[in-house]
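Structure assessment
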Amino acid sequence: MKAYLILADGSVYTGDSLGANRDAVMEVVFNTSMTGYTEVLTDPSYYGQGVIMTYPIEGNYGVNYQDMESRRIWVSSFIVREYTALASNFRNEATLDEFLRRYDVPAISGVDTRAITKKIREQGTMGGYLTTNPDYNKEEIVDMLRGYTIKDAVKAVTRGGKTRLKNEGGYKVALLDVGAKDNIADSLHRRGLDVTIYPALTSAEEILADKPDGIMISNGPGDPTDCVEVIANIKKLYDSDVPIFGICLGHQLMALATGASTEKLKYGHRGANHPVKDLALGRVYITSQNHGYVVSKINGDVAEISHVNVNDGTVEGLRYKGKNIFTVQFHPEACPGPQDTEYLFDEFIEMMGGKKNA
Amino acid sequence: MPKSPDIKKVLVIGSGPIIIGQAAEFDYAGTQACRSLKDDGVEVVLINSNPATIMTDKDIADKVYIEPLTTETVEKVIMAEKPDSILPTLGGQTGLNLAMELAEAGFLKEHNVKLLGTSSETIKMAEDRQSFKDAMLSIGQPCIASKVVETYADALAFAKEIGFPVIVRPAYTLGGTGGGIAENEEELAQIAPHGLRLSRVGQVLIEKCIAGWKEIEFEVIRDGAGSCITVCSMENLDPVGVHTGDSIVVAPAQTLADKEYQMLRTAALKIINKLKVEGGCNVQFALEPNSFEYAVIEVNPRVSRSSALASKATGYPIAKVAAKIALGYHLDEIKNAVTGKTFACFEPALDYIVAKIPKWPFDKFVTAERKLGTQMKATGEVMSINPTFEGALMKAVRSLELNIYSLDLPAYRDMDADALRQELKKVDDMRLFVVAQSLKKGISVDEINEITKIDKWFLGKIDNIMKLEETLRTGELTPELLEKAKIYGFYDKVIGDLVGKTDREIRALRLQWNILPAYKMVDTCAAEFEAVTPYYYSCYGSETEADPASDRKKILVLGSGPIRIGQGIEFDYCSVHAVWALSKLGYETIIVNNNPETVSTDFDISDKLYFEPLTPEDVENIVDVEQPYGAIVQFGGQTAIKLTKALNDMGVRILGTDARDVDRAEDRELFDEVLEICKIRRPQGRTIFTCEEAIAAANEIGYPVLVRPSYVLGGQGMEIAYNDTDITIYMEIINRSVQEHPILVDKYVLGKEVEVDAVCDGTDILIPGIMEHLERAGIHSGDSISVYPAQTLTQEEKDTIIRFTKSLATELNVVGLINIQFIVASDGVYVIEVNPRSSRTVPYISKVTNVPIVALAIRCMLGERLKDLGYGVGLHPEADYVAVKMPVFSFEKLHDVDTALGPEMKSTGEVLGIAPTFHEALYKSFIASGFVIPERGNMLITVRDTDKEEVCRLAKDFDDYGFGIYATGGTCEYLRKNGIHARRVNKIAEGAPDILDFISAGGVDLVVNTPTRGRQHNRDGFKIRRTSVERSVPCMTSLDTARALLTAIKQKDEGELGIVDISTI
């Protein structure tokens, strides 16, 4: 079956329908990772977005449910050049097509993903609409896309209740789920921490009442400035003396809570090859990234820049003065992508007083 | 950290001659590194024995020593030039070993020379099997059960302990020389002692065989601050067991989920950090296909063949970055030249697939054992780029120039499933085609995977190709189907054959249906950033990015494809110089080539690079887009010449000699007319098609005769025939591959062989130099020792040669280059071959005469006159130095190849000896070629009857010099009769201990054996020659070479050798 991808600029790309057969509206972004489609699809940060994979073949190793980064697929749509049902891997449980259908996510294959990527690079992230209806009304769709924004994203993806990953006797870590990938909790749990995950709108008081040894603020989707309530809570967490580590959206929210601002990048950073320099160590690490916004206008009295992006000089990490707080824009939990910055989880533990149970 | 201020003068060691396992990739790496060092204002001193390289140009380095790569010579260069540093990691294993020897001996320290980049401790840790294993254990990286042994007994004991099969890997050898898989004790007894002998340190590793696991490689770069990145992952289609140089390789890895991918990537980074490599490094892993179990196979702490491939596959210039790191730069300080914006510290993202297929020499060495294992056999490789695996594979297959355009080979078409099942068990160069045919015949992917262990993903993809072939064969050709076939990389002619149309009809349909190739850019970043270097590949079903707009005239330079015997790196040298000359003259240059190892396919050599197969269709597609002003075919060897007709048909102006005149030089009958007009003789000859005609022609001319196909390179399929039986055998071999052109039978004339390269502007000629071959006619010019200036010609003979060259060039209206081979016989000068194009001697003659031959040829092609170019006309004054070009062979890597020299070329590379006198130059060239010159010792002589008289004089001279002379029956008797004290050795038939035992036992230091007859392997001579090669005993198959060796041996007593900086010539 044919599928049509209509972009906000009026261009139309015709390909083959993949996954669920239903229409989808999305913000179109691209990801340059050459592996890891399962992780990308299930990363809550992609809520409301249609993801183009720049790598031209997807589906090579099938899907195994273990590699999911959350409970479901979050992308609105998936846009690939070639979909292959040749899924060759010892852990393979389903084809990519079956996986998309299972979570009712429509996708398109057989389009020139490089051409679309170049368009987004030049014109910036834009709205898109996917349909299998050949009689689509282009004018109407384009009009609708011009007004499309992703709303209430964090509320949509955060979990309904508290969950605990036990490690009796380990440091207690509160993980504020504003759209967390599972490997954040897993990375903490693997290191012997007793992790409690809280829904995004949990009050600071409730979290602090559980007396955590450290607080982790996760990654998540959408425009960080939308998260007014969460930001207010985070300000309270900032004022406590509990060590805090923030990743991606967590990094942005902490910045907003403490007086910095954020701005939208033209087409974001999404991939597994972004170089980030740790200014304290003088070393560059390759990081996994997925963000459309960056932190800007930092108040030097509150925080100092700890990491920068080598490609475009944007802020990749902050250390808060007089506080046991550090945050990064990239994803030390990887999945997909390089594991080079996992050491930050260990730094977080150091901040709580060093290894326990060791 | 910026460049270290202490580094002002750096010595770069090259990799020497092209041999199997060490090819053009090191010219590419070395050239890139030298240019990078010069960019930083560093004075570069270069030493390399290979004169065909671009790196040995004085434009690339400040001081250039084309000298033997021995510690003695490098020491001399260091003492003369006093560099402050040495860069050892860009000259392959050869460069690395030399630097290590100098470091270990304390020489570098003594002369205050710093080892740049990776330290000697690191190199040792990575190269020494045991310390490597210990290092891996210390960081928790699994290695394969293995043990270093120094004796066969220990090898056997350990093999029994871990169980057969085991892999034998000699330490410190390249391309896995001397290694192999031993299935049982018997095979171990063959392989292990050989490996022990070849290892520089007398060690081999005996290792548990993990054949069948996935083989995954990472190219990693690390700087002095400890930042490290992986440039590229690569997956071998052929599982562990086949040397990676002999494997079909794709980039990036295709069958790994992110979990496995990151596991191996992290392991690679841990390893490079442990080893503290500063620069490039290659890490090879074996991954068990059904678990997360993996093992580290090997680490190369230097730039390698895989780095060249990774560089071309991603656009990331590994050698250049490695050179900058060696100077002290950090990755985040080095600009990414492709984007001009980002930095070297990022990981390239690919939005296409790269396929590499090795180029094996089995089309030339028809008798060679084709089995692939741990010892590399390929001489070169091709690479192709496409968004689909199918397309990448199909493009790579036709880039091999095997006259194969699809996976459905006629040779397997008639085989049934059972026969194919047997074929599938063979691991050789044909496996891809056997797999394809098996799929076509309905053998399941699962079964093929079971037998071959090739991942099902690759098999499924190959199956897609075969299924599409079937659809084309049986279905109706719709626009959708045609587009799909083009997306899958099908060649128009293949589609035409399947649907019953001609290739032109398919092209017409494509144009009608608007199915046109799109050209996409290799930009290192999957379009995330704008790229500034136009490096293109073709694909279908896409929007094109090629931008043909230009304010300059565009010239297409056709490259020479994969390195193979007969067409080596020399042609890349010429192509690159052509580009540089054209750029200087203000033209826009466009290179088309498919060889990832070469300088010509570096993104910053030409204005535009099309990484494409060199076929008429692929070139025509580029012509359609670029509409070049003209094309140059003279520099890309036969690969480019073969495209002349197609280019003409496309209406492209061929710059230089007209295609009709090229034809007049190559077509026998037409050429006879040319000779008639010029009143020049050539050995009598006939053009024939069948075996019967050949026999008739030979009898008419009189034996011995030369038999060969026309339009070939390196004398492919050429033999001297002495009788009708010989002819029958050779004709059968020649006709194994499809012959589009007639076969030639020529009288074999005995005499001195002389060669010239000349530049011609249509009126005048310039001969930079006359070269004389040391071996008399009958040995291919590429395999002969060639001397410049000619040493034994009379002035009259020289004058004749100049006159003939001028009249042939004029008559053939040559504009550009011409190469002529003469025989100077007792009754005058004959012409044996005229090639109106660049030849393999152009680089070395350019260097020793200081005449920029390629640039002059280009200027002539564009209308300038030699008289105005400042290098004169006629014969250029002779240089003050004598240069001896010596061929280098790779026989020890190719079992069952006869080492006897003849009219068919067998060498893989060459070295140069340059000195004020002939004798010194000759001696140097022997050393440079890796020849272990026996000072005294035992010489074994077995020659054909016709050589007996002559061999007496030779034997006497060796005897006088102090060699013990040994010979078999007839020869021995003959020598004794002539007063030479010869000792007798048993022939093979005479029982043990026979001649082979004698050689095997190490009793011989030098063998002289002249072949009686071509390709028969059961004969004693063949066995003697092979045994010599396998025991590393020099074996001369021409009395002339043996005579030259004696000259060289005597020179050894003449004291110290000098060194020559060719940039001062």
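Residues numbered from 1 in each chain as written. Chains lettered and ligands numbered in written order. Predicted model: local features only at pLDDT ≥ 70, side-chain atom pairs only at ≥ 80, totals over all residues.

This next bit is on the overall build of chain B. Each helix and strand counted, chain B has 37 helices and 39 strands in total. Taking 1065 residues into account, the globule formula puts the C-alpha radius of gyration at 31 Å, and chain B, at 28 Å, falls close to it. In chain B, which comprises 1065 residues, the share counted as buried stands at 62%. Long-range contacts, defined as pairs at least 24 residues apart, comprise 71% of the intrachain contacts of chain B with a sequence gap of at least 6. (Helix = DSSP H or I, 4+ residues; strand = E, 2+ residues; numbered from the N terminus. Rg over C-alpha atoms; globule rule 2.2 N^0.38 Å. Buried ≥ 20, exposed ≤ 12 C-beta atoms within 10 Å, placed from the backbone. Contact = placed C-beta atoms within 7 Å.)

Across the contact, 42 residues belong to chain A and 45 residues belong to chain B. Looking at the side of chain A that touches chain B, its residues break down into 16 nonpolar, 14 polar and 12 charged. (Nonpolar A, V, L, I, M, F, W, Y, C, P; charged D, E, K, R; others polar.)

What follows concerns the sheet that holds strand E19 (residues 325–328) of chain A. Residues and elements named next belong to chain A. An order of E10-E12-E11-E13-E14-E19-E18-E17-E15-E16 is seen for the 10 strands of this open sheet, with the pairing classed as mixed. Both outer strands of the open sheet, strand E10 (163–165) and strand E16 (283–296), are each paired with one neighbouring strand and no more. Across the sheet, the mean angle from the axis of one strand to that of its neighbour is 20 degrees, orientation sign disregarded. When strand E14 (residues 244–247) meets E19, the two strands line up parallel, connected through four bridges. Looking at the pairing, Gly-246 lines up with Thr-327 of E19. (Pairing = 2+ DSSP bridges. Axes fitted to C-alpha atoms, helices over the stretch in contact; angles between N-to-C directions.)

Let us now look at the environment of Val-77 of chain B. Residues and elements named next belong to chain B. Counting through the fold element by element, Val-77 comes out in helix H2 (residues 71–81). Looking at Val-77, the number of C-beta atoms within 10 Å reads 21, which means it is buried. Here the alpha-carbon distance between Val-77 and Gln-254, two residues 177 residues apart in the chain, equals 47 Å. The residues contacting Val-77, other than those within four sequence positions of it, are Leu-11, Val-45, Ile-47, Tyr-65, Glu-67 and Ile-1059.

Paired through their backbone hydrogen bonds, the strands of a sheet run either parallel or antiparallel. Residues and elements named next belong to chain B. Strand order across the open sheet formed by five strands is E3-E2-E1-E4-E5, with parallel pairing between neighbours. Both edges of this open sheet fall to strand E3 (63–65) and strand E5 (114–115), since each of them pairs with a single strand only. Where strand E2 (residues 43–47) meets E3, three bridges bridge the pair, whose relative direction is parallel. Residue Leu-46 lies in a different strand from E3, and its bridge partner there is Val-64.

What follows concerns the domain arrangement of chain A. Frequently, the measure chosen for interface size is the accessible area removed from exposure when the parts meet. Residue and element names in this part refer to chain A. Domain annotation for chain A reports domain 1 (2–150) and domain 2 (154–351). Here domain 1 and domain 2 have C-alpha centroids that lie 27 Å from each other. The interface is formed by 23 residues belonging to domain 1 together with 23 residues belonging to domain 2. For the side of domain 1 that touches domain 2, the secondary-structure elements that each account for two or more residues are strand E3 (24–31), helix H1 (37–41) and helix H3 (113–123). Looking at the side of domain 1 that touches domain 2, the element that brings in the most residues is E3, giving three residues. Partitioned by chemical class, the residues of the side of domain 1 that touches domain 2 number nine nonpolar, 10 polar and four charged. (Domains from an automatic or database assignment.)

What follows covers the nonpolar core. When a protein is soluble and globular, its nonpolar side chains tend to lie buried together. With 473 residues, the main nonpolar core has Leu-175 of chain A together with Val-12, Ala-322, Val-759 and Ile-965 of chain B as its most contacted residues. For this core, the element with the highest residue contribution is helix H21 (residues 570–584) of chain B, accounting for nine residues. In terms of domain composition, this core takes at least three residues from each of domain 1 (2–150) and domain 2 (154–351) of chain A. Residues contacting Val-12 of chain B, with those up to four places away along its chain left out, are Gly-30, Ala-33, Cys-34, Val-44, Leu-46, Ala-61, Leu-87 and Leu-90 of chain B. (Core = buried A, V, L, I, M, F, W, Y, C linked by C-beta atoms within 7 Å.)

Before going further, it helps to examine unusual backbone geometry. A cis geometry characterises the amide bond from Phe-164 of chain B onward to Pro-165 of chain B, with omega recorded as -5 degrees. Cis peptide bonds are those with omega within 30 degrees of zero, and the linkage from Tyr-788 of chain B to Pro-789 of chain B qualifies with -10 degrees. As for its position among the elements, Pro-789 of chain B is in the loop between strand E29 (786–788) and helix H29 (795–811). With a phi close to 55 degrees, Asp-104 of chain A is a non-glycine residue in the positive phi region. Along the chain, the position of Asp-104 of chain A falls in the loop between helix H2 (96–102) and strand E8 (106–109). A positive phi angle, near 55 degrees, is found at Glu-401 of chain B, a position not held by glycine. On the secondary structure map, Glu-401 of chain B appears in the loop between helix H12 (389–399) and helix H13 (410–413).

Helical geometry: 3.6 residues make up each α-helical turn, so side chains three or four residues apart lie on a common side. Residues and elements named next belong to chain B. Relative to the 18 Å expected for 13 residues at 1.5 Å per residue, helix H3 (residues 92–104) spans 18 Å between its end C-alpha atoms, a close match to the ideal helical length. Of all the 13 residues making up H3, 10 are buried; the element is thus mostly covered by neighbouring parts of the structure. Just downstream of H3, Gly-106 is the residue with a positive phi angle, here 80 degrees. (Expected span 1.5 Å × (residues − 1).)

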